Amino acid sequence: MNPLSQLPSVDRLLSTATLASLLDAHGRAVVTGIVRDVLAETRAAVIAGAPLPDEAALIAALINEVGSGVTAKMQPKLRPVFNLTGTVLHTNLGRATLPEEAVQALIVAARSPCALEYDIESGGRGDRDNVVNDLLCELTGAEAATVVNNNAAAVFLLLNTLAQKKQVIVSRGELIEIGGAFRVPDIMSRAGAKLVEVGTTNRTHLKDFAEAIATGGARTAMLMKVHASNYAISGFTHAAPEAELAQLAHEHGLPFVIDLGSGTLADLAAYGLPHEPTPTEAIAAGADLVCFSGDKLLGGPQAGLLVGRKDLIAKIKKNPLKRALRVGKLTLAALEAVLALYRDPDRLHLRVTAVRQLTRPEAEIAAQAARLLPALQSALGGLPVTTEIVALKSQIGSGSLPVDRLPSAGFAIRPQGKRSGVLNRIEQGLRALPKPAIGRIEDGALLLDLRCLAEQEEPEFAAQLSALSGLGT
Ligand SMILES: *Cc1c(COP(=O)(O)O)cnc(C)c1O
């Protein structure tokens, strides 16, 4: 007798109680497809000589496989994780975690139509930038504002609008590359602007800019400053002060533009963090346009924020590329909610999640580590490792304040003896948890920095650790 004929049919499998409930949950198309795949694999295995178990065992095995196939297939690709890397604004992990106010605003905007480009008072057409225009002006002292997809888009759009076929004067020390293929010279040429580098890598003076303006004449479109966010030049350095650059630009009827990169609206120095330049300071120093990211130190959704002179913002908004780079209602909803929190600067460290994470005291993080240590030690009990609480240094990430490190705390897991393979197994095990925990291996230790683990997440984090105990076997 042909052993293949003993395989159950698709219909027979689908009629079992387990698969019927999967059908109910995920729909006929998905489950039937996976049943067919599993049956095809079994058939191929049988043809290759695999023995066929009795029908009950076979059906149980097939149901099992279909179940895990469905689970794998229906698992969202964009999975939440625990960020224990020690990098707060981790680009690969989605940068800033949104405050609850922003999450709620997102849900409300997603769930129903909203007045995105509609003026409820007049019943006429509105402008989506108006959702955040007044707030941004209030918080930065600018005359007008607009929002695009990210800060790279903001830089591109402002250059394309104001400097196409013209020259932009930038200090050589600011021609930076930011991760993910954003290079100032490349963006500039793609935007159609010609870069004029002045000064040297470490020192650029006002007179360097003045000479370039004199040489460029009418071809000069603007002076630009790029905040060299992801690296630091130290030692014998000089940069022309912003106020002087602004004055020089204005004497020649040129705009002075600053790409701030991160651009926090909070006074980080008040929290003992190093000072990071703010859009407000840039505007006050005379900048005509300032752009910065929504999801770096600001702690909001991915967006590029442009603030500055009304006439320049109006020009930028008329550029057809603005339409291609615009943001959607979800972004604006979250951004408005985050910006609103900045109206109360005294409580940012309690309400803006990114600021909260960045300003968390070391002692609080160490106390959290002490609470979680028993769960981790018992989960790793069977493995040849030591687990202890250690002082760590977190970093801000996303190129913000690159040199500065934040005193933090967490776990160091070290192999006993020379069995370094065990660290990789634990690191993989942590990534295989229902909500993956992402740490880092450094100097022969697996480090888990707890700065970004919120207190209310502790039970969920601790509960799933027991799954690690299987690693020992
Ligand atoms: C991060 C950064 C950008 C790019 O911003 P995105 O929001 O990531 O597109 C541009 N310029 C500077 C100086 C930056 O630091």
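Residues numbered from 1 in each chain as written. Predicted model: local features only at pLDDT ≥ 70, side-chain atom pairs only at ≥ 80, totals over all residues. Heavy atoms only, no water.

### Overview of the overall build of the protein chain
The helix and strand inventory of the protein chain stands at 19 helices and 17 strands. Summarising its shape, the C-alpha atoms of the protein chain cover approximately 95 × 60 × 45 Å along the three principal directions. Buried residues in the protein chain amount to 48% of all 473 residues. Total accessible area on the protein chain is roughly 22300 Å²; 53% of this is exposed by carbon and sulfur atoms. (Helix = DSSP H or I, 4+ residues; strand = E, 2+ residues; numbered from the N terminus. Buried < 20%, exposed > 50% of the residue type's maximum accessible area, 1.4 Å probe, protein only. Areas by Shrake-Rupley, 256 points an atom, 1.4 Å probe, with all protein chains shown as cover.)

### Some remarks on the packing of helix H9 (residues 206-216) against helix H10 (residues 242-251)
Running from N to C, H9 and H10 cross one another at 20 degrees; their axes reach a closest spacing of 10 Å. Classified by the interaxial angle, the pair formed by H9 and H10 is roughly parallel. Crossing of H9 against H10: the hand is right-handed. Taken together, the residues of H10 that come into contact with H9 (itself represented by Leu206, Phe209, Ala210 and Ile213) are Glu244, Leu245 and Leu248. Of the residues that constitute the contact of H9 with H10, the class distribution is six nonpolar, no polar and one charged. (Axes fitted to C-alpha atoms, helices over the stretch in contact; angles between N-to-C directions. Parallel < 35°, antiparallel > 145°, perpendicular 65-115°, else oblique. Left-handed = near helix turned anticlockwise from the far one by under 90°. Contact = heavy atoms within 4.5 Å. Nonpolar A, V, L, I, M, F, W, Y, C, P; charged D, E, K, R; others polar.)

### A look at the pairing of strand S11 (residues 289-293)
Where burial is concerned, most of S11 is hidden: five out of the five residues are buried. Here S11 shows no split at all, with Leu289, Cys291 and Ser293 on one side and Val290 and Phe292 on the other all buried. Strand direction decides the pairing type here: strand S10 (residues 256-261) and S11, joined by four bridges, are parallel. Across the sheet, isoleucine 258 pairs through a bridge with valine 290, a residue of S11. The handedness of the S10 to S11 crossover, carried by helix H11 (residues 279-284), is right-handed. Sheet topology places S11 next to strand S12 (residues 304-308); five bridges connect them, and they run antiparallel. When the bridges of S12 are listed, phenylalanine 292 appears paired with leucine 305. (Pairing = 2+ DSSP bridges. Right-handed = clockwise from strand over helix to strand, strands pointing away.)

### Let's talk about helix H18 (residues 421-431)
Listed as buried for H18 are Val422, Leu423, Ile426, Glu427, Gly429 and Leu430. The arc that holds the buried residues of H18, viewed along the axis, is 160 degrees, so those residues lie on one side. (Arc of directions from axis to C-beta.)

### Some details on helix H12 (residues 310-318)
For H12, the set of buried residues is Leu312, Ile313 and Ile316. Each buried residue of H12 sits inside an arc of 100 degrees when the element is viewed along its axis, so together they form one side. For H12, exposure combined with an orientation more than 90 degrees from the buried face picks out Lys310 and Lys318. On its buried side, H12 packs onto strand S4 (144-148), helix H7 (151-163), S11, S12 and helix H13 (320-325).

### A short note on the domain arrangement of the protein chain
Split by domain assignment, the protein chain resolves into domain 1 (3-74), domain 2 (82-91 + 357-472) and domain 3 (100-351). Relative placement of domain 1 and domain 3: their C-alpha centres are 56 Å apart. (Domains from an automatic or database assignment.)

### With respect to the packing of aromatic side chains
Evaluated as defined, the whole model comprises one aromatic pair. Taking the centre distance of 5.3 Å and the plane angle of 85 degrees together, the rings of phenylalanine 82 and phenylalanine 461 count as edge-to-face. Linking phenylalanine 82 in strand S1 (residues 82-83) with phenylalanine 461 in helix H19 (residues 458-465), this pair joins segments that are 379 residues apart in sequence. Assigned by exposure class, phenylalanine 82 and phenylalanine 461 land together as buried. In this structure, lysine 435 packs its charged tip against the face of phenylalanine 82, placed 4.4 Å from the ring centre. (Phe/Tyr/Trp six-rings, centres within 6.5 Å; stacked < 30°, edge-to-face > 60°. Lys NZ or Arg CZ within 6 Å of the ring centre and 35° of its normal.)

### Observations concerning the pattern of salt bridges
The tally for this structure, following the rule as stated, stands at 22 salt bridges. A salt bridge links aspartate 344 to arginine 347; the shortest N-O distance between them is 2.6 Å. One network of salt bridges, with partners in common, ties together Glu101, Asp344, Arg347 and Arg351. (Salt bridge = Lys/Arg side-chain N within 4 Å of Asp/Glu carboxyl O.)

### Some words on the side chain of threonine 85
Inspection of the secondary structure puts threonine 85 in the loop between S1 and helix H5 (100-111). When its relative accessible area of 8% is taken as the criterion, threonine 85 is described as buried. Excluding residues within four positions of it along the chain, threonine 85 makes contact with His90, Leu93, Ile438, Gly439, Arg440 and Asp449.

### Some details on unusual backbone geometry
Negative phi is the rule for most residues except glycine; trans is the rule for most peptide bonds. With a phi close to 55 degrees, arginine 95 is a non-glycine residue in the positive phi region. Relative to the assigned elements, arginine 95 resides in the loop between S1 and H5. We note that aspartate 443 has phi near 50 degrees; this positive angle belongs to a residue other than glycine. Along the chain, aspartate 443 falls in the loop between strand S16 (440-442) and strand S17 (445-449).

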